[in-house]
Amino acid sequence: MTRFILLILMFSCNNENIIKDFSTDENYAIETTINASIIHTINGKLKAKIDVGKMERFNKNQVIYLSEGVKLNFYNNDILSSTLTSEKAEIDEEKNLLKALVNVTLTDKSEKTLNSSSLLWDRNSDDVYTKENVTIITNDEVIYGSGFKSDSKFERYFINDVKGNFSFNVED
């Protein structure tokens, strides 16, 4: 009988740590949504729409994790101006930042395309930027650089350490 009680005490001590580790709140999403859309408006005007395959929020965390395909459409006066796509993204609600990750592309309405491994969108300033390497492809140019900054319309942009083939119009 004494051996049996010692065995129970021994197993219960070991199992307690396993159960405790297994059941912590941080291991499980407190919210999961499949095929979700998030709409961002300013003064009632559509500014951005995010479509995502899977959205998860974890306990004690101000970050929303997006996966299974992310598509972020930017609008100007309710007209589509550019589109950002990636495999994954993270939304930091406290800082109002979306960080797109893995196979990131940004395209505008004139078929200009940026490729990078990550890109951030700041909802407060409406800037899109990265410190990572970028490639921008247009109808007649391929531009390489590290570091990039633009507004969400992707009309005017800045690149650091620029390389590539460029077309210039020279006026007399």
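Right above here is the structure, for reference.
Attention here is on the structure that accompanies the text. Because the structure is a prediction, the values reported are computed rather than measured.

Reading guide: rules and limits
- Residues numbered from 1 in each chain as written.
- Predicted model: local features only at pLDDT ≥ 70, side-chain atom pairs only at ≥ 80, totals over all residues.
- Heavy atoms only, no water.
- Helix = DSSP H or I, 4+ residues; strand = E, 2+ residues; numbered from the N terminus.
- Buried < 20%, exposed > 50% of the residue type's maximum accessible area, 1.4 Å probe, protein only.
- Contact = heavy atoms within 4.5 Å.
- Areas by Shrake-Rupley, 256 points an atom, 1.4 Å probe, with all protein chains shown as cover.
- Pairing = 2+ DSSP bridges.

What about the overall build of the protein chain?
When you go through the protein chain residue by residue, the secondary structure sums to one helix and eleven strands. Overall, the protein chain shows an N-to-C arrangement of helices and strands of α-β-β-β-β-β-β-β-β-β-β-β. Across the 172 residues of the protein chain, 34% fall into the buried class. Partitioning the intrachain contacts of the protein chain with sequence separation of at least 6 by distance along the chain shows that 32% fall at a separation of at least 24. Carbon and sulfur atoms make up 50% of the accessible area of the protein chain, which amounts to about 11,500 Å² in all.

Description of the environment of Leu72
Position of Leu72 relative to the elements: it lies in strand S3 (residues 63-76). Relative accessible area serves as the criterion here: at 0%, Leu72 is assigned to the buried category. Remark: the alpha-carbon pair of Leu72 and Thr85, spanning 13 residues in sequence, is separated by 6.2 Å. The residues contacting Leu72, other than those within four sequence positions of it, are Ala48, Lys49, Ile50, Ser82, Thr83, Leu84, Leu98 and Trp121.

Examining the pairing of strand S5 (residues 88-92)
Bridge count for S3 against S5 is four bridges, and the pairing is antiparallel. Residue pairing in the sheet places Val63 in a bridge with Asp92 of S5. Relative to strand S6 (residues 97-108), S5 runs antiparallel, the two being bridged by five bridges. Residue Ile91 lies in a different strand from S6, and its bridge partner there is Leu98. Once S5 ends, the chain turns through four residues before running back antiparallel as S6, passing Asn96 with a positive phi of about 60°.

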